[in-house]
Amino acid sequence: MKLRNAAIIAAFLSVTVASSAVEAGDAAKGKRVYAKCKACHTIKKGGKNKLGPNLYGIIGRKAAGVEGFKYSNAMKNAGIAWTPDNLDKYLTKPKKFIPKNRMAFPGLRKKQQRDDVIAFMATFHE
Ligand code: HEC
């Protein structure tokens, strides 16, 4: 019985932790942060790939998931899904989280900015 409760609590925690960036973020403010990404990414459904891939539906998608975009081997081999938590780590320092990936962006140092931009991206979803 105890064990079962522990498993339920663990499952609950992982869900809350995973969605914390989305909940802590402000999508309206994130739109302004997203201005930094716009030069290289579109986010609307069916948007074209620019220097970077289209980011529609990015939350929960596997890394390197846009067909027809030429990803680096580093991104192709990352083997992760873009949970809010992984996005947070990537956007802190892209080259540290996925060494040799090709995104020429230094990262967002402020946690609030990362939460906001993740909340903004989460609104572009089915
Ligand atoms: C200078 C251009 C550039 C800027 C600015 C930029 N990116 Fe990127 N981004 C890229 C490139 C190129 C890739 C593909 C990297 C690879 O294949 O190694 C990428 C990949 C990504 C991915 C992984 C996509 C996937 O399909 O797996 C995410 C998420 C992402 N960028 C988010 C952002 C966000 C959010 C910002 C703004 C805070 C941003 N990027 C700013 C160029 C850019």
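Each remark here, short or long, concerns the structure printed above.
Residues numbered from 1 in each chain as written. Predicted model: local features only at pLDDT ≥ 70, side-chain atom pairs only at ≥ 80, totals over all residues. Heavy atoms only, no water.

**Q** So what's going on with the environment of Ile-58? Residues and values would help.
**A** For Ile-58, the position within the fold is in the loop between helix H2 (27-34) and helix H3 (73-76). On the basis of relative accessibility, which here comes to 4%, the residue Ile-58 falls in the buried class. Distance in space between the C-alpha atoms of Ile-58 and Ile-43 is 8.7 Å, their sequence separation being 15 residues. Ignoring anything within four residues of it in the chain, the contact list for Ile-58 reads Trp-82, Leu-87 and Met-121. (Helix = DSSP H or I, 4+ residues; strand = E, 2+ residues; numbered from the N terminus. Buried < 20%, exposed > 50% of the residue type's maximum accessible area, 1.4 Å probe, protein only. Contact = heavy atoms within 4.5 Å.)

**Q** For the packing of H2 against helix H6 (residues 111-122), give the residues involved together with the corresponding values.
**A** Between H2 and H6, the least distance of the axes is 7 Å, while the angle of their chain directions is 100°. When the axis of H2 is compared with that of H6, the two are roughly perpendicular. Along the contact surface, H2 presents Ala-27, Lys-29, Gly-30, Lys-31, Val-33 and Tyr-34, while H6 presents Gln-113, Asp-116, Val-117, Ala-119 and Phe-120. When the residues that make up the contact of H2 with H6 are grouped by side-chain class, the tally is six nonpolar, two polar and three charged. (Axes fitted to C-alpha atoms, helices over the stretch in contact; angles between N-to-C directions. Parallel < 35°, antiparallel > 145°, perpendicular 65-115°, else oblique. Nonpolar A, V, L, I, M, F, W, Y, C, P; charged D, E, K, R; others polar.)

**Q** Describe the coordination of the iron atom of the ligand, with residues and values.
**A** At 2.0 to 2.1 Å from the iron atom of the ligand lie its protein donor atoms, namely His-41 (NE2) and Met-103 (SD). One can describe the donor arrangement at the iron atom of the ligand as octahedral, given that its six donor atoms subtend angles of 86 to 179° at the metal. Of this pair, His-41 sits in the loop between H2 and H3 while Met-103 sits in the loop between helix H5 (94-97) and H6, and the two are 62 residues apart along the sequence. (Donors = N, O, S within 2.8 Å, 3.2 Å for Na, K, Ca; no water. Tetrahedral: all angles 85-135°; square planar, octahedral: opposite > 155°, others 65-115°.)

**Q** Quick rundown of the nonpolar core? Include the residues and the values.
**A** In globular proteins that are soluble, nonpolar side chains generally tend to be buried together. In terms of nonpolar packing, the biggest core is built from 26 residues, with Trp-82, Val-117, Ile-118 and Met-121 touching the most fellow members. Going through the elements one at a time, H2, H3, helix H4 (84-92) and H6 are the ones with two or more residues in this core. The dominant element in this core, judged by the number of residues it contributes, is H6, at four residues. (Core = buried A, V, L, I, M, F, W, Y, C linked by side-chain atoms within 4.5 Å.)

**Q** Lay out the site of the ligand with the relevant residues and their values.
**A** Surveying the vicinity of the ligand reveals 28 residues, the closest of which are Cys-37, Cys-40, His-41, Ser-72 and Met-103. Taking Trp-82, its side chain carries an N or O atom lying 2.8 Å from an oxygen atom of the ligand. A distance of 2.6 Å separates an oxygen atom of the ligand from a polar backbone atom of Arg-102. Ranked by residues supplied to the shell around the ligand, first place goes to H4 with three residues. (Near = heavy atom within 4 Å. Polar contact = N/O pair within 3.5 Å; in protein donor to acceptor, adjacent residues only side chain to side chain.)

**Q** Explain unusual backbone geometry to me, and be specific about the residues and the numbers.
**A** In the Ramachandran plot, Ala-64 falls in the positive-phi region, its phi being about 60° despite a non-glycine side chain. Of note, Ala-64 is situated in the loop between H2 and H3. In this structure, Lys-100 is a non-glycine residue whose phi angle is positive, near 70°. One can find Lys-100 in the loop between H5 and H6. Among the residues examined, Lys-100 registers a relative accessible area of 74% and is labelled exposed.

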